[in-house]
Structures are given as C-alpha cells and as structure tokens.
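# Breakdown of the fold
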Amino acid sequence: MSAVAVRLRSRRKGAGLGLVAWLLGIAFFLPIAWMALTSLHSEADAATNPPSFAASLTLDGYREFFGAGGGASPWPALINSTVASVASTLFVLVLALPAAYALSIRPVKKWTDVLFFFLSTKMLPAVAGLLPLYLFAKNTDMLDNIWLLVILYTSMNLPIAVWMMQSFLAEIPVAVIEAARVDGARLPTILTRIVAPISLPGIAATALICFIFSWNELLFARVLTGVVAETAPVFLTGFITSQGLFLAKVCAASLVISLPVLAAGFAAQDKLVQGLSLGAVK
C-alpha cells in the first residue's frame, strides 16, 4: 500500500471518528437544549404533546422560581449547596493529598490493599447507611445542620479522591522529590510547593468531580435536612406537588441549579482534560 493510500485511509478514519464524536456530543446536548427551550415556554405550551416549537417565549418560569409569584426563595437552598459542596471539596483535597502522597511517592506496605479498602467503602449502598446516620444526627442534635452534610460529603468523596490522586501523583518524578528533600525541604513544603503545582491538573479534576457529586447529592440531604439546611436538589423536588407537575417551572429551576456545575466544568475544562488523561500516554 502506497503512502498516499495510507494517508487517505487515516484521514477517512479520523473524519469518521470526528463525526461519531460530534453525533455523541449532540446527543448529550439535546436534553439540555430541550430543557432550556421548555423553561422559556408558558405552562400551557410546555404541557402540550407533541411540544410546540413555535410557541411564544417567556421568562415566567424563571420569575416564579426566584419567588416572583409569592413562592419560597431559592437563595437559602443555593447558598447551602454552595457551602456544603465547596467546604467538603476543600476538606477532601486537604485530606486526600497527603494520603495519595503516602500511597504513591512514599508507598506504604501493601498499598494496593489500602486502595482497595478505600474503594470498597463505596460498594455499600447509600440507603443502607441512612438509618444509622439519621439516628446519629438525631442523638447529636445535628439534624437540619449544613455542617453534617459537609462531614458526610467529605467522607463520601474522600475514597474516590484518594484513588484518583494516587494515580496522578504516581506520575511525578521521584528525583524531583529527592532533590527537594536534599535541599532541606520538609513534608509540608514538598506537598505545597512541589507536589501540588506539578499535579495541579489532577487536583483540579478531582476537585471538580467531588464538587459535582456533592452538589447533586439528594438522598442524605432530603432525609437529614429540613428548612434551615435545605439544599438546591431538595428545593427542586418541592416543585412536584399534589397539584401537578409545573414543567416549565421545573425546567427553569433545573437549569438554574445546574449552572454552577456547568460553569465550574467550563472554567476547569482544560485542567480536567489534562487531569483525566494524565498517565494515559507513557
């Protein structure tokens, strides 16, 4: 086979893969576009079947979501979700970085068993631990407390963070660490000035995933919170009432609640790609 034929074949293969990637991207984007379009319709137009694409657009769904119609304000729930997600993510990073360092650059004995233990903690269904956690929160007067969610989200995301960051830190050249140690750098200095900057893409990817998991968590927030510590997903479920499903309002609320995650993913997309692909090519 000539070089020209090989080049043409590789171009066709690349074009085919590009087409498949575009089709998958459009397929994943269509539900978001549908939700955004429905949120701009009136309740009557949103409830039509099949939907009317030529229906007039309105912002009534967003006005009602933000309490213009006399409903509850979403700001306390959004603030609670922000506090729980950001605080738990910061705690996870502070705890996961030294643990991943011990399991990769300075490996402990049977470190693979330790990693498996971390991963095995995610095998228990969340609902199985719901009753003990509820009784614990009740007996310690922690029900409807946002800091209880911070502790829970930290413990839930820590195993995944350690597992991810261990693979990222394993790519750091040991010679760099040894050189810093020879120069007199202690462990805190090594972690903050050498390990963290080098593994920044991996840390960003880990932080984003932990933030998404915390922001979207519903089961524990639904059971363990009430009014004071209500999070955004719990607030969203309040739109499904016995009076019916207000589709336009639900779509508007879903889009607004999804915006922080979408914004964080867009802002950190380069770091996320670098972090998730770190170590893929040797």
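Notes on the structure in this doc start here.

## Digging into the packing of aromatic side chains
Within the structure shown, the criterion is met by four aromatic pairs. Their ring planes at 35° and their centres at 5.6 Å tell us that F66 and W75 sit as a pair that is tilted. Relative accessible area serves as the criterion here: at 49%, W75 is assigned to the partly exposed category. What links up through ring pairs into an aromatic cluster is the set F65, F66, W75 and F235.

## Section: the packing of helix α9 (residues 187-198) against helix α10 (residues 200-216)
Taken N-terminus to C-terminus, the directions of α9 and α10 make an angle of 75°; their axes are 4 Å apart at the nearest point. In terms of their interaxial angle, α9 and α10 are classed as roughly perpendicular. Taken together, the residues of α10 that come into contact with α9 (itself represented by A196, P197 and I198) are L200, P201 and I203. The class makeup of the residues in the contact of α9 with α10 is six nonpolar, no polar and no charged.

## Things to note about the side chain of N157
Tracing the sequence through the fold places N157 in helix α7 (residues 146-169). Accessibility expressed as a relative area gives 4% for N157, which makes it buried. In this view, N157 contacts V92, C210, F213 and S214; residues no more than four positions away in its chain are not counted.

## Focus: a nonpolar patch on the surface
Together, F66, W75, I79, V83, F91 and W147 make up a nonpolar patch on the protein surface, roughly 610 Å² of accessible area in all. Among the elements that make up the nonpolar patch, the one with the highest residue count is helix α4 (residues 75-104) (four residues). With respect to the secondary-structure elements, F91 resides in helix α4. We classify F91 as partly exposed; its relative accessible area is 43%.

## What about the layout of surface pockets?
The space that makes up the largest pocket amounts to roughly 310 Å³. In terms of lining residues, the largest pocket is bounded by 13 residues, among which T121, K122, L124, M156 and F220 are the most central. Here the element with the most residues in the lining of the largest pocket is α7; it accounts for five residues. Partitioned by chemical class, the residues of the lining of the largest pocket number nine nonpolar, three polar and one charged. Volume-wise, the second largest pocket comes out at about 180 Å³. Tallied by class, the residues present in the lining of the second largest pocket amount to five nonpolar, four polar and three charged.

## Brief notes about the environment of V227
Here V227 lies in the loop between α11 (219-224) and α12 (232-237). For V227, a relative accessible area of 70% translates into the label exposed. Residues V227 and A77, 150 residues apart in the sequence, show an inter-C-alpha distance of 8.8 Å.

## Focus: the pattern of salt bridges
Following the criterion strictly, the structure yields two salt bridges and no others. Note that D60 and R63 form a salt bridge whose closest N and O atoms lie 2.8 Å from each other. Of the two residues, D60 and R63 are both situated in helix α3 (residues 60-65); the distance of three residues between them amounts to about one turn of the helix. Residue classification places D60 among the partly exposed positions, given a relative accessible area of 38%. Under the relative-accessibility criterion, R63 is labelled partly exposed at 44%. With its nearest N and O atoms 3.2 Å apart, the salt bridge here joins E178 to R181. You can see E178 and its partner R181 sitting in helix α8 (residues 174-182), three residues apart, about one turn around the helix.

## Notes on the nonpolar core
L97, Y101, V162, M165, L169, I177 and V195 are the most contacted members of the largest nonpolar core, which totals 28 residues. At the level of elements, α4, α5 (111-120), α7, α8, α9 and α10 are the ones that each hand at least two residues to this core. For L169, the residues in contact, after removing those within four places along its chain, are L97, A100, Y101, S104, I105, V195 and S199. Judged by nonpolar contacts, the second largest core, of 18 residues, contains F65, C251, A253 and I257.

Scoring rules and cut-offs
Residues numbered from 1 in each chain as written. Predicted model: local features only at pLDDT ≥ 70, side-chain atom pairs only at ≥ 80, totals over all residues. Heavy atoms only, no water. Phe/Tyr/Trp six-rings, centres within 6.5 Å; stacked < 30°, edge-to-face > 60°. Buried < 20%, exposed > 50% of the residue type's maximum accessible area, 1.4 Å probe, protein only. Axes fitted to C-alpha atoms, helices over the stretch in contact; angles between N-to-C directions. Helix = DSSP H or I, 4+ residues; strand = E, 2+ residues; numbered from the N terminus. Parallel < 35°, antiparallel > 145°, perpendicular 65-115°, else oblique. Contact = heavy atoms within 4.5 Å. Nonpolar A, V, L, I, M, F, W, Y, C, P; charged D, E, K, R; others polar. Patch = residues over 30% accessible without salt bridge, like charges linked within 9 Å, V, L, I, M, F, W, Y side chains within 5 Å. Areas by Shrake-Rupley, 256 points an atom, 1.4 Å probe, with all protein chains shown as cover. Salt bridge = Lys/Arg side-chain N within 4 Å of Asp/Glu carboxyl O. 1 Å grid on protein atoms, 1.4 Å probe; cavity = no way out; pocket = protein on both sides within 12 Å on 5 of 7 lines; lining within 4 Å. Points joined across faces, edges and corners; volume = space filled by probe spheres on them. Core = buried A, V, L, I, M, F, W, Y, C linked by side-chain atoms within 4.5 Å.

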